[in-house]
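Residue-level structural notes
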Amino acid sequence: MGTRRSFIKKSTLLSALALTGLPEITKAFSKENFSGADDVRKPVVISTWNHGLAANDAAWKILSSNGVALDAVEKGVMVTEDDLTNLSVGLGGLPDRDGNVTLDACIMDEKGRCGGVAFLQRIKHPISVARMVMEKTPHVLIVGSGAQKFALDNGFKLESKKLTPEAEKAYKEWLKTSQYKPVANIENHDTIGMVALDAHGNLSGSCTTSGLAYKMNGRVGDSPIIGAGMYVDNEIGAACATGVGETVLRICGSYLVVELMRQGASPADACKKAVERLISKNPNYKDVQVGFLALNKKGEHGAYALQKGFNYALADNTGNKLFDADYSLK
Ligand code: ASP
């Protein structure tokens, strides 16, 4: 969260700007404003939910040894993808209605380069395929069998399509009623989104998920979509989202959070305003959960959710800890 000092500085600046008009706000919080700052808190990494702790540990190893944010956000979320007991990220994820695990991921770096994969099956590390899309192709998003072929052509291994025992048990239970309704609890909305600021002052972000449990076959959520599930603007900040992707897609959620920071909002306020926008554009908002996380160029962070229960992990040179996010529907 922003310090009191920076809050006061910003409030004074904002009152002055209110007199001069909106275009000035963009100018005031542009590159020059951040890059000269000597009170930048870096490196720092934040990521969604409890599983963020283990992911942050891996990211922190890179960040604390002068590594770059892009490597940190890739290696960090790979830990979550590797964990087959995780029912919402990677190949251990809960399947769609037809019993297929389909994975979505995206990554973005400080140069604005980005890559994503969607509806990818039987590949262990969608985030690394996303990075390869970014680095080795002229494209941003590759999906389905094309994404799988691209992964196999580039040395990834085809994994079994069998569900893990836990996922299979849950799926069989679900089949008894086959009722589909996104639920506003944490179990079904556990994407890992991660954003980091490295010791060089550069931002990157990543996001990876098996998507909503029991979704329609072929459904893609916000997580692999640049600007929805995650967005980075190295002049301003970075943001990521978790929760019911359709509601986030409707407001280009992560992009909105970054743009609000560009206009002068603190990361926490930007996340809160994005949740308010989401409420105004999604009549079903009471039935779903969504959480946003943001980090600005100064290393200040913030989070906000629609409902109670969203938490996130933050690692910096004081340690790696979990925090509960504030929320709207009290
Ligand atoms: N955002 C993800 C999706 O809609 C779900 C999640 O956060 O767990 O696919």
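Everything here concerns the structure above.
Described in the following lines is the structure provided in the data block. (Residues numbered from 1 in each chain as written. Predicted model: local features only at pLDDT ≥ 70, side-chain atom pairs only at ≥ 80, totals over all residues. Heavy atoms only, no water.)

Lys42 connects to Pro43 through a cis peptide bond whose omega is -5 degrees. Its identity is not glycine, yet Asn66 carries a phi of approximately 70 degrees, on the positive side. Take Asn66: it is sitting in the loop between α4 (52-63) and α5 (69-82). For Cys252, which is not a glycine, the phi torsion comes out positive at approximately 45 degrees. (Helix = DSSP H or I, 4+ residues; strand = E, 2+ residues; numbered from the N terminus.)

On to the environment of Ser128. Position of Ser128 relative to the elements: it lies in helix α6 (residues 126-136). On the accessibility criterion, Ser128 (10% relative accessible area) is buried. In the structure, Ser128 is positioned twelve residues away from Gly116 in sequence and 9.4 Å away in space, judged by C-alpha atoms. Dropping the residues within four chain positions of it, Ser128 is found in contact with Glu74, Met78 and Phe156. (Buried < 20%, exposed > 50% of the residue type's maximum accessible area, 1.4 Å probe, protein only. Contact = heavy atoms within 4.5 Å.)

Counting buried positions along helix α10 (residues 253-262) gives nine out of ten residues, so the element sits mostly inside the fold. Gly253, Ser254, Leu256, Val257, Val258, Glu259, Leu260, Met261 and Arg262 are the residues of α10 that are buried. Note on α10: the residue one or two positions beyond its end, Gly264, has a positive phi of about 115 degrees.

Next up on the list: the site of the ligand. Near the ligand you find 13 residues, and of these Asp190, Thr191, Arg219, Asp222 and Gly243 are the closest. Within the side chain of Asp222, one N or O atom sits 2.7 Å away from a nitrogen atom of the ligand. Burial of the ligand by the protein chains amounts to 100% of its free accessible area of 270 Å². Residues that form the shell around the ligand fall into these classes: two nonpolar, eight polar and three charged. (Near = heavy atom within 4 Å. Polar contact = N/O pair within 3.5 Å; in protein donor to acceptor, adjacent residues only side chain to side chain. Areas by Shrake-Rupley, 256 points an atom, 1.4 Å probe, with all protein chains shown as cover. Nonpolar A, V, L, I, M, F, W, Y, C, P; charged D, E, K, R; others polar.)

It is characteristic of soluble globular proteins that their nonpolar side chains tend to be buried jointly. Counting residues in hydrophobic clusters, the biggest one holds 49 residues, and the most contacted among them are Val257 and Phe292. Listed in part, the 33 residues of the second largest apolar core include Ile62, Val89, Ile107 and Ile123. (Core = buried A, V, L, I, M, F, W, Y, C linked by side-chain atoms within 4.5 Å.)

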